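A look at the structure
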Amino acid sequence: MSRVVLAGYGDIGARVARRLGASCERLAVNRSGRTARLNPPLVATVCELAGLGPHLRADDTLVWLAPPPPEGERETHLEAALAAAPALRKMVYLSTSGVYGDCQGAWVRESDAPNPQTPRARRRYSAEMITQEYGQRMRVPVAILRVPGIYGPGRLPTARLSRGLPTLAAPISPWSNRIHAEDLAAVLVLLLERGEGVFNISDGQPGSITEYFQAAADVLGLPHLPEVASTADLTPELASYMQESRRLDITRARTELGFEPRFPHFQQALAGCVDPDLIWE
């Protein structure tokens, strides 16, 4: 039986594991020390992810979900793991759409050149290069998924909304992209059996960050955030996101993977993130 190794067993890893069910043996490596009820479990901290390579087998599919180190310009944990890894059945890396940088609201395709402009995006892009180099060196199929903001149950901006931190006025808020956590897990499972290369993924319906914040406030029963006219009035973290604007084209994921979002727009899905019984079958 083939084995899927989930490196970075958090919310998304757990959703992938549930979708796989008993179809394959699953081995989970997490960052927090929580025991994953898989067969068999392997628990590690984020630093130990670098030592994962010798635990891998030639018929494994490795799905790397863990974030890169918080500092530096390179993904050293992934680099160390792959340096000691055999020729795997397949390698899937969860990257970020932030590698494109600011595209001034243009539609972005996988053929567009990356231009990472923040340290976190440069670390993610280095991980993409490390993954591709490993694939070429070991002749292993590689798939890279460029992911935007993830939302879902337990993943709403509740703290920001509760504190009433400001956001940019809707007319000047940049284009952004999102995907529901269940849709992300679904496309990761699709990638286990088909698809190579780079894929953009989202719900296919770009919108503004401010539109998302205010819609989330509505379903949580909280006041709308105050809207300001300058990024100088935002927190540094939000200001950095507001400096980039792009719309992700997901045509390739639709045509090559057969992906179609179950949750095509957050406006319809947010209520189920607060009360899952509204949408979960």
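As shown above, the structure is provided for reference.
First things first, this report covers the structure right here in the doc. (Residues numbered from 1 in each chain as written. Predicted model: local features only at pLDDT ≥ 70, side-chain atom pairs only at ≥ 80, totals over all residues. Heavy atoms only, no water.)

Now for the overall build of the protein chain. Assigned secondary structure in the protein chain consists of nine helices and 14 strands. Principal-axis analysis of the C-alpha atoms places the extent of the protein chain at approximately 55 × 40 × 35 Å. Taken over 281 residues, the protein chain has a buried fraction of 52%. The long-range fraction of contacts in the protein chain, counting pairs at least 24 apart against all pairs at least 6 apart in sequence, stands at 76%. Per element, the accessible surface of the protein chain, about 12500 Å² overall, is 51% carbon and sulfur. Positive and negative side-chain charges of the protein chain, numbering 30 and 31 respectively, have mean locations separated by a distance of 4 Å. (Helix = DSSP H or I, 4+ residues; strand = E, 2+ residues; numbered from the N terminus. Buried < 20%, exposed > 50% of the residue type's maximum accessible area, 1.4 Å probe, protein only. Contact = heavy atoms within 4.5 Å. Areas by Shrake-Rupley, 256 points an atom, 1.4 Å probe, with all protein chains shown as cover. Lys, Arg positive; Asp, Glu negative; His and termini not counted. Charge placed at Lys NZ, Arg CZ, Asp CG, Glu CD.)

Relative to the elements of secondary structure, Arg123 occurs in helix 3 (residues 119-138). It turns out Arg123 is buried and unbridged, and the closest side chain with the opposite charge, Glu73, is 6.0 Å from it. Within polar-contact distance, the side chain of Arg123 engages the backbone oxygen of Pro69 at 2.9 Å. With near-sequence residues (within four places) excluded, Arg123 lies in contact with Pro68, Pro69, Pro70, Glu71, Gly72, Glu73, Arg74 and Glu75. (Salt bridge = Lys/Arg side-chain N within 4 Å of Asp/Glu carboxyl O. Polar contact = N/O pair within 3.5 Å; in protein donor to acceptor, adjacent residues only side chain to side chain.)

Looking now at helix 3. With 20 residues, helix 3 ought to run about 28 Å at 1.5 Å a step, and its terminal C-alpha atoms sit 28 Å apart, in line with that. Listed as buried for helix 3 are Ala121, Arg123, Arg124, Ser126, Ala127, Glu128, Ile130, Thr131, Tyr134 and Gly135. In this fold, the buried residues of helix 3 make contact with helix 2 (76-83), strand 4 (90-96) and strand 6 (142-147). Remark: Arg139 follows helix 3 within two positions and exhibits a positive phi of approximately 55°. (Expected span 1.5 Å × (residues − 1).)

The next subject is the pattern of salt bridges. Enumeration over the complete set of coordinates arrives at 16 salt bridges. Residue Glu25 pairs with Arg57 through a salt bridge whose shortest N-O separation is 3.6 Å. Here Arg57 lies in the loop between strand 2 (25-29) and strand 3 (60-64) and Glu25 lies in strand 2, a separation of 32 residues in the sequence. Given the relative accessible area of 32%, Arg57 is considered partly exposed. For Arg57, the salt bridge goes to Asp59, with nearest N and O atoms at 3.5 Å. For Asp59, a relative accessible area of 34% translates into the label partly exposed. Because the salt bridges share partners, they merge into one network encompassing Arg3, Glu25, Arg57, Asp59 and Asp60.

Reading across the sheet, the six strands line up as 2-1-3-4-6-11 and stay open at both edges, with parallel pairing between neighbours. Looking along the sheet, the strands with just one partner apiece sit at the ends: strand 2 and strand 11 (197-200). Direction aside, the axes of adjacent strands within the sheet are offset by 15° on average. As paired elements, strand 3 and strand 4 share four bridges and run parallel to each other. Looking at the pairing, Val63 lines up with Val92 of strand 4. Contacts from helix 1 (residues 11-20) reach strand 1 (3-7) and strand 2, with the element oriented near 165° to strand 1. Helix-sheet contacts for helix 3 involve strand 4, strand 6 and strand 11, and the interaxial angle to strand 4 is about 165°. (Pairing = 2+ DSSP bridges. Axes fitted to C-alpha atoms, helices over the stretch in contact; angles between N-to-C directions.)

Once that is clear, we can look at the packing of helix 6 (residues 209-220) against helix 9 (residues 266-274). Pairs of packed helices are described in terms of their axes, by the angle between the two and the distance that separates them. Interhelical geometry of helix 6 versus helix 9 gives an angle of 40° and a closest axis separation of 9 Å. Comparing the axis directions of helix 6 and helix 9 gives the class oblique. Crossing hand, helix 6 versus helix 9: right-handed. Contact with helix 6, carried on its side by Glu211, Tyr212, Ala215, Ala216, Val219 and Leu220, involves Phe266, Gln267, Leu270, Ala271 and Val274 of helix 9 and no other residues of that element. (Parallel < 35°, antiparallel > 145°, perpendicular 65-115°, else oblique. Left-handed = near helix turned anticlockwise from the far one by under 90°.)

With that settled, consider helix 6. Taking 1.5 Å per residue, twelve residues should reach 16 Å; helix 6 reaches 17 Å between its end C-alpha atoms and fits that length. For helix 6, the set of buried residues is Ile209, Thr210, Tyr212, Phe213, Gln214, Ala215, Ala216 and Ala217. Of the residues flanking the end of helix 6, it is Gly221, one or two places downstream, whose phi is positive at about 70°.

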